[in-house]
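Structure assessment
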Amino acid sequence: MRLREAPGGAFFHHRDTENTEKDMSYLEEVLEAQRVDGLIEEALRARRQSIEEALTGGWAEGAPRFYYGGSFGKKTLIAAHFDLDLVIYFPAGDPKELYTAVERRLRAANHASSRHNVALRLAYTQGMHVDVVPGRALDGTYYYAELYANDRGSTRRTSLKAHIDLARSGDRSTIRLLKLWRWRHGVPVGSFVLELAAAHALARGPAATLEDKLECVLRFLAERFLEARLVDPANPENVVTDDLREADKGLVMSAAQSAVRAPGWEWVVW
């Protein structure tokens, strides 16, 4: 493996041309090491089942439907840090009242929950948590829904299924590396913002290799994130970057700038 100089003077690992078919690049090796064991995925499914059982039956609004959200639904899990998002859509009802009713039902089933904007967060051992996201489906497709945003005290129309489609149709390898970078360096930015940033940056031009793609997104975060306007693909009225604090945007940019100046990928993700 040798180092190449990237535009702007940053150095990144680049795979030698010899033996490329049998040797993985450093970033490919990192991704391979971040595969989540099948037993852990089974444990997450079991956790969903226990929560779903607590929330099934007895709803005047009608029987809800349950879906995987987050990294499990998007297939962007990384072994270093993961959680579970469980989406519960009701056919009717007021989003705020549904949020509160689901909270009561979880606590009655001895699930200690805390409010986390549109989600009710259930904390478990070793820092793992489950986010339960209640909402009211807008129609019989259950694709779009109205969620109650506790932080703002208002409802938000969106589609968590559209967010899953965006991630699955995008470059999941790059997204997983971005999530690992965020976790290793404590960067204050959510996964959804990283997914939108990746889609925006990579749409600007072709990036041939995994290294090129990750560098492209990091440069976008380093150079243009403060003024970036990233919009919810399910609802153009939801400007996701408007929900971020300016101080956090600055920290994201600073971390990305450090990444593109790093002497090698080992300083960015490991």
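Our structure's up above, just so we're on the same page.
Let us look at the structure shown here. If you're wondering where the values come from, they're calculated on a predicted model, not measured in any experiment.

1. Some points on the packing of helix 6 (residues 172-185) against helix 8 (residues 210-224)
One can describe the packing of helix 6 onto helix 8 by two numbers: an axis separation of 10 Å at closest approach and a directional angle of 55°. Considering the angle they form, helix 6 stands oblique to helix 8. In the packing of helix 6 onto helix 8, the handedness of the crossing is right-handed. Within the contact between the two elements, helix 6 uses Ser173, Thr174, Leu177, Leu178 and Trp181 and helix 8 uses Leu210, Lys213, Leu214, Val217, Leu218 and Leu221. Here the contact of helix 6 with helix 8 is composed, by residue class, of eight nonpolar, two polar and one charged.

2. Brief notes about the packing of aromatic side chains
Inspection of every chain in the model, using the stated rule, returns five aromatic pairs. Judged by centre distance (4.5 Å) and plane angle (35°), the rings of Tyr68 and Phe72 are tilted. When its relative accessible area of 10% is taken as the criterion, Phe72 is described as buried. With a centroid separation of 5.3 Å and 70° between ring planes, the pair formed by Tyr99 and Tyr148 is classed as edge-to-face.

3. A few points about empty space enclosed by the protein
Going through the model one piece at a time under the given rule, you end up with one cavity of 30 Å³ or more. In terms of lining, the largest cavity is formed by Tyr67, Tyr68, Val87, Tyr89, Leu160, Lys161 and Ile164. Breaking the lining of the largest cavity down by element, the ones donating at least two residues are strand 3 (65-69), strand 4 (84-90) and helix 5 (160-169). When residues in the lining of the largest cavity are grouped by element, the largest group, three residues, is from helix 5.

4. Observations regarding the packing of helix 8 against helix 9 (residues 246-261)
Look at helix 8 against helix 9: their axes get within 7 Å of each other, and the N-to-C directions meet at 130°. As summarised for this structure, helix 8 and helix 9 are arranged oblique, according to the angle between their axes. Of the two possible hands of crossing, helix 8 and helix 9 adopt the one that is left-handed. On the side of helix 8, the interface is formed by Leu218, Arg219, Leu221, Ala222 and Glu223, while helix 9 contributes Val252, Met253, Ala256, Gln257, Ala259 and Val260. Class assignment of the residues belonging to the contact of helix 8 with helix 9 gives a composition of eight nonpolar, one polar and two charged.

5. Things to note about the side chain of Ser113
By the element assignment, Ser113 lies in strand 5 (residues 113-116). Leaving out residues up to four positions away in the same chain, Ser113 has contacts with Glu103, Arg107, Arg121 and Leu122.

6. Here's the deal with the nonpolar core
One finds Trp181, Leu218, Leu221 and Val269 to be the most contacted residues of the largest nonpolar core, which totals 40 residues. For this core, the secondary structure elements donating two or more residues are helix 1 (26-33), helix 6, helix 7 (191-202), helix 8 and helix 9. In this view, Trp181 contacts Val187, Leu194, Leu218, Leu221, Val252, Ala255, Ala256, Ala259, Val268 and Val269; residues no more than four positions away in its chain are not counted. Within the second largest apolar cluster, 24 residues are counted, among which are Phe72, Leu84, Leu86 and Tyr148.

7. Some points on the environment of Gly135
By the element assignment, Gly135 lies in strand 7 (residues 129-137). Exposure remark for Gly135: the relative accessible area of 1% places this residue in the buried category. When the C-alpha positions of Gly135 and Tyr89 are compared, they lie 4.8 Å apart, and in sequence the two are 46 residues distant. If we skip the residues at most four places from it in the chain, Gly135 touches Ile88, Tyr89, Phe90, Leu98, Glu146 and Leu147.

8. Quick look at helix 1
Turning to helix 1, its buried residues are Tyr26, Leu27, Val30 and Leu31. Buried residues of helix 1 fall within an arc of 140° about the axis and therefore sit on the same side. Against the buried residues of helix 1 lie helix 6 and helix 8.

9. Looking at the side chain of Arg156
Here Arg156 shows up in strand 9 (residues 154-158). Engagement of the side chain of Arg156 in a polar contact is seen with the side chain of Asp243, the distance being 3.3 Å.

Rules behind the numbers
- Residues numbered from 1 in each chain as written.
- Predicted model: local features only at pLDDT ≥ 70, side-chain atom pairs only at ≥ 80, totals over all residues.
- Heavy atoms only, no water.
- Axes fitted to C-alpha atoms, helices over the stretch in contact; angles between N-to-C directions.
- Helix = DSSP H or I, 4+ residues; strand = E, 2+ residues; numbered from the N terminus.
- Parallel < 35°, antiparallel > 145°, perpendicular 65-115°, else oblique.
- Left-handed = near helix turned anticlockwise from the far one by under 90°.
- Contact = heavy atoms within 4.5 Å.
- Nonpolar A, V, L, I, M, F, W, Y, C, P; charged D, E, K, R; others polar.
- Phe/Tyr/Trp six-rings, centres within 6.5 Å; stacked < 30°, edge-to-face > 60°.
- Buried < 20%, exposed > 50% of the residue type's maximum accessible area, 1.4 Å probe, protein only.
- 1 Å grid on protein atoms, 1.4 Å probe; cavity = no way out; pocket = protein on both sides within 12 Å on 5 of 7 lines; lining within 4 Å.
- Points joined across faces, edges and corners; volume = space filled by probe spheres on them.
- Core = buried A, V, L, I, M, F, W, Y, C linked by side-chain atoms within 4.5 Å.
- Arc of directions from axis to C-beta.
- Polar contact = N/O pair within 3.5 Å; in protein donor to acceptor, adjacent residues only side chain to side chain.

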